[in-house]
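Residue-level listing of the chains:
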Amino acid sequence: MKRLKTLRRVTVVAAMGLLIAMPNNVFSQSETINPEVTRQKVLDNGGSGRYAAIVVHEKSLQAFAVYRPRNIKYAVRREGPLPVLIWCNGACSDSSSSYERMLNEMASHGYVVVGLGAFEMQDSERDDGTASEKKVQDAINWLVKQEKLSTSDYYHAINVKNIALAGHSCGGAQAIGYCGNSRVSTLLIMNAGMGSMSMGGASPQSLEKLHTPILYMTGGTGDVAYENAKVDYGKVKKPVVWADLSDAGHGGTYYNQYGGEFGKVAIKWMDWHMKGYKQNARFFLKPDKTGISSKWTFKNRNFTAADKKYEEPYKDIETSVDTVFDRIAMDADFDFGADISSLTLETRQSKKFYDKAGTNQTPTAILQQQGVNSVRLRVLVSPKNSNHNTPYVKTLATMANKYGMSIMLDLRYSDWLGDNTKPEAWKKYDMTKVLTAVKNHTTSVINTIKKVAKVRWVQIGNEIDHGLLLEDGRDTTNLVSIINTANDAVKAISPNTRTLIHVCECEDIGLLTNYFDALLAAGAQFDAIGLSVHVKTSTLNPDELTDLVAQNVKTLHERYDKPVLIVETGYYNDRALEANQWLCDFMVKLMGAGGAGLYYWEPELADEYDLGAWNPISRKPSLVMDAFLGARHKEPVADGINCLAKDDNDKSETVYYTADGIRSSRPQRGVNIIRRRSGTYKVISGK
């Protein structure tokens with residue numbers, strides 16, 4: 001975990017260097033793409049995931065193509081170090097271009113994918129050759145080196161102990177050949193199987209080295225690998241799923257947008273086994289074919305009873321409730337907010353949302369019932385698709401206004417999610433033209449949205465620790481000019497709307513005060529400060545983190561006499577009770593510190609993000625959302641619990657109770673730690 005903290009500190013020190021004129025070499029860990037990337041391309045508008053993806057050629061990895069989020073560090077702040085997939089091609093070829101749409105889609109969901117074969121701008125760029133299975137080890141060696149190299153984009157940003165091996169046809173055999181590698185956490189074998197044959201450096205005996213779950217994907221009886229996959233499926237001694245799409249054939253669906261059906265199923269598997277999305281077990285083991293073709297069939301072997309308890313984290317539990325703050329009284333003084341920028345992407349997939357009573361309603365109506373009084377909406381300049389442009393945001397703002405919610409506009413001044421680089425249309429602009437473009441864009445967006453909703457806040461950029469409109473806005477003078485131009489444009493149209501500067505740092509008060517001191521000394525004009533609080537990537541435990549952040553909010557508020565808000569945060573969706581308790585406690589601390597609000601990041605996401613706040617099974621808001629009403633849940637325990645005896649042979653789950661007998665979702669000082677078996681409670685240690 002210390003490595004993550006190092007990443008955060010290097011990141012922010014670079015921003016401080018910008019503002020206090022430290023040497024240029026401080027900037028090696030910028031948010032932009034490293035100069036080691038010499039060529040790049042965009043596929044399927046960056047993919048359908050939360051992190052716009054690109055395909056790149058790395059100087060130090062000549063014989064491979066890398067598929068990755070464009071801004072890796074933006075993804076890392078939300079995901080933690082990214083899992084890795086190494087892809088081997090059909091015919092054991094040295095080109096991944098036939099699979100690039102699927103691999104790019106994987107990257108957009110928060111993965112780094114290394115494909116055997118050199119980068120190609122176009123499929124016809126060169127004749128394909130053969131890639132030795134030894135290239136798999138070369139890829140692993142490069143990844144391990146990059147993770148430790150401070151000048152690399154992948155420095156502390158990838159998890160080299162969480163690698164998937166995958167491949168098509170002969171490439172599937174190449175992946176199987178390395179299945180014994182200790183860094184490998186799962187295999188995805190597509191239109192492939194060993195059966196009784198040997199190829200690609202693998203044989204049937206290779207599967208005896210398998211130590212991870214494995215997924216076979218085939219294309220029906222017309223797939224030449226169908227029978228081999230069937231044989232392997234029957235032999236494998238580790239958890240195994242066989243997913244068959246009856247009409248896909250040996251070619252799968254790799255050429256389709258986002259990799260088609262094979263892409264959807266592969267990402268579900270990866271999210272389950274590489275990111276811990278336990279609810280995805282339902283997809284494979286039930287199976288739940290929502291969102292995929294009805295022509296899929298699934299079989300599974302060797303999964304434990306625990307694996308099949310995929311609904312346990314999402315079952316309703318009996319709780320009692322304490323009211324920890326007066327929600328109505330706080331309505332005017334505190335923004336109970338949610339970033340719902342991806343909501344339209346969810347509804348386009350025909351996903352249903354239900355309120356606590358089980359009534360199908362619009363998500364915005366449900367959020368309003370849950371106490372949300374403001375929504376945060378990101379706006380891109382000219383995105384490659386229709387997502388997050390001004391008309392997209394206008395639709396969401398109109399829906400929110402219907403339920404009395406105010407708006408925080410997150411103006412990114414970029415075409416890419418999580419990016420602070422200049423929009424494509426502004427690339428050749430000098431600073432004079434950049435400032436004109438900033439003024440015109442800001443004016444246009446505010447004019448459009450204020451006609452349909454109350455714009456309470458406008459963020460000038462997103463997590464601008466490094467600057468804005470890079471590279472121009474990395475210079476302090478330019479950055480302040482951009483901020484002031486945007487601020488003036490907002491005030492000219494809507495004088496009561498407040499502008500906000502948002503940084504990702506939240507823990508180090510020295511870095512924060514240096515940053516804002518420098519901005520203000522240079523003449524920056526803005527009304528408020530926004531912080532990101534990412535539980536997943538902090539070295540502190542959640543309670544320590546919120547204690548520290550609340551103290552920092554108090555310091556910033558008093559030092560600058562400006563409102564301070566948490567504009568991005570979230571907690572683990574499969575720990576609903578724990579999340580509710582954590583969020584209630586955090587809000588109370590913020591209110592005591594003079595904080596002006598908190599925005600939960602994408603609570604509506606349940607299936608493909610583990611820090612949302614929606615139950616993926618019932619499609620109802622989870623207990624965490626009750627925190628916005630001031631309702632803190634607790635789970636009572638059985639009478640006489642403290643009289644039970646210790647039993648060292650009890651191997652069932654560990655649960656936690658406070659000293660006064662209230663169940664808690666996490667260990668804390670002064671608790672009884674209990675193990676429960678068959679409805680009984682046994683004390684392991686007391687207060």
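**Quick look at the overall build of the protein chain**
Phase 1 of the analysis: Looking only at helices and strands, one finds 17 helices and 24 strands in the protein chain.
Phase 2 of the analysis: When the 687 residues of the protein chain are sorted by exposure, 62% land in the buried category.
Phase 3 of the analysis: At a minimum sequence separation of 6, the contacts of the protein chain that also span at least 24 residues come to 74%.
Phase 4 of the analysis: A total accessible area of about 25,600 Å² is found for the protein chain, and carbon and sulfur atoms account for 48% of it.

**Quick word on the pairing of strand 19 (residues 597-601)**
Phase 1 of the analysis: Most of strand 19 is tucked away: five of the five residues are buried.
Phase 2 of the analysis: Neither face of strand 19 is exposed, since Gly597, Tyr599 and Trp601 on one face and Leu598 and Tyr600 on the opposite face are all buried.
Phase 3 of the analysis: Taken together, the five bridges between strand 12 (residues 335-339) and strand 19 define a ladder with parallel strand orientation. Each residue of the ladder has a partner; that of alanine 338, found in strand 19, is tyrosine 600.
Phase 4 of the analysis: Bridge count for strand 18 (residues 564-570) against strand 19 is three bridges, and the pairing is parallel. Its bridge partner being in strand 19, isoleucine 566 is matched across the sheet by leucine 598.

**Some points on unusual backbone geometry**
Phase 1 of the analysis: Of the consecutive residues lysine 286 and proline 287, the connecting peptide bond is found in the cis state with omega at -15°.
Phase 2 of the analysis: Here proline 287 shows up in the loop between helix 8 (281-285) and strand 10 (296-301).

**A word on the side chain of arginine 456**
Phase 1 of the analysis: Mapping arginine 456 onto the fold places it in strand 15 (residues 455-460).
Phase 2 of the analysis: Other than its neighbours up to four places away in sequence, arginine 456 contacts Ala332, Asp335, Ser406, Ile407, Thr497 and Arg498.

**Things to note about the side chain of arginine 619**
Phase 1 of the analysis: Within the secondary structure, arginine 619 is located in the loop between strand 19 and strand 20 (631-636).
Phase 2 of the analysis: Polar contacts involving the side chain of arginine 619 include one to the side chain of aspartate 607, which spans 3.4 Å.
Phase 3 of the analysis: In this structure, arginine 619 is in contact with Glu346, Lys351, Lys352, Phe353, Tyr354, Ala606, Asp607 and Trp614, ignoring residues within four places of it in sequence.

**A word on the packing of aromatic side chains**
Phase 1 of the analysis: Applying the stated criterion across every chain yields a total of 27 aromatic pairs.
Phase 2 of the analysis: Geometrically, the ring pair formed by tryptophan 269 and tryptophan 272 is edge-to-face, given 5.4 Å between the ring centres and 75° between the ring planes. Placement of both tryptophan 269 and tryptophan 272 in helix 7 (residues 260-275) is noted, with a separation of three residues, approximately one turn of the helix. For the pair formed by tryptophan 269 and tryptophan 272, the shared burial category is buried.

**A word on the sheet that holds strand 8 (residues 214-218)**
Phase 1 of the analysis: Strand order in the open sheet formed by ten strands is 1-2-3-5-4-6-7-8-9-10, with mixed pairing between adjacent strands. The open sheet terminates on both sides in strands that have one partner only, identified here as strand 1 (37-41) and strand 10. Each neighbouring strand pair of the sheet contributes to a mean axis angle of 20°, computed without reference to strand direction.
Phase 2 of the analysis: The sheet contact formed by strand 4 (residues 82-88) and strand 6 (residues 158-168) spans six bridges and is parallel. Each residue of the ladder has a partner; that of valine 84, found in strand 6, is isoleucine 163.
Phase 3 of the analysis: Packing of helix 6 (residues 226-235) onto the sheet brings it into contact with strand 8, strand 9 (240-245) and strand 10, and relative to strand 9 it is tilted by some 160°.

**Observations concerning the environment of asparagine 256**
Phase 1 of the analysis: Structurally, the position occupied by asparagine 256 is in the loop between strand 9 and helix 7.
Phase 2 of the analysis: Measuring from C-alpha to C-alpha, the distance between asparagine 256 and methionine 102 comes to 8.1 Å, with 154 residues separating the pair along the chain.

**Digging into the sheet that holds strand 14 (residues 406-411)**
Hydrogen bonds between backbone groups are what pair the strands of a sheet, and the pairing can be parallel or antiparallel.
Phase 1 of the analysis: Ordered by their spatial adjacency, eight strands build a closed barrel running 12-13-14-15-16-17-18-19, and the pairing between neighbours is parallel. Within this sheet the neighbouring strands show an average axis-to-axis angle of 25°, counted without direction.
Phase 2 of the analysis: One ladder, built from three bridges, connects strand 15 with strand 16 (residues 498-503); its direction is parallel. From the neighbouring strand, valine 458 faces strand 16, where its bridge partner is threonine 499.
Phase 3 of the analysis: Strand contacts of helix 15 (residues 509-521): strand 16 and strand 17 (528-534), with the helix running at about 135° to strand 16, the strand carrying the most contacts.

**What about the environment of methionine 197?**
Phase 1 of the analysis: Relative to the assigned elements, methionine 197 resides in the loop between strand 7 (184-190) and strand 8.
Phase 2 of the analysis: In sequence terms methionine 197 and alanine 173 are 24 residues apart; their C-alpha atoms lie 9.9 Å from each other.
Phase 3 of the analysis: When residues no more than four places from it in sequence are discounted, the contact partners of methionine 197 are Ala202, Ser203, Pro204 and Asn228.

**Observations regarding helix 17 (residues 576-592)**
Each α-helix winds once per 3.6 residues, and so residues spaced three or four apart point in a common direction.
Phase 1 of the analysis: Taking 1.5 Å of rise per residue, 17 residues should cover 24 Å, and helix 17 covers 24 Å from first to last C-alpha, within 8% of that figure.
Phase 2 of the analysis: Of all 17 residues that make up helix 17, 13 are buried, and the element is covered over most of its length.
Phase 3 of the analysis: Backbone geometry just after helix 17 places glycine 594 at a positive phi near 85°.

Reading the values: the criteria
- Residues numbered from 1 in each chain as written.
- Predicted model: local features only at pLDDT ≥ 70, side-chain atom pairs only at ≥ 80, totals over all residues.
- Heavy atoms only, no water.
- Helix = DSSP H or I, 4+ residues; strand = E, 2+ residues; numbered from the N terminus.
- Buried < 20%, exposed > 50% of the residue type's maximum accessible area, 1.4 Å probe, protein only.
- Contact = heavy atoms within 4.5 Å.
- Areas by Shrake-Rupley, 256 points an atom, 1.4 Å probe, with all protein chains shown as cover.
- Pairing = 2+ DSSP bridges.
- Polar contact = N/O pair within 3.5 Å; in protein donor to acceptor, adjacent residues only side chain to side chain.
- Phe/Tyr/Trp six-rings, centres within 6.5 Å; stacked < 30°, edge-to-face > 60°.
- Axes fitted to C-alpha atoms, helices over the stretch in contact; angles between N-to-C directions.
- Expected span 1.5 Å × (residues − 1).

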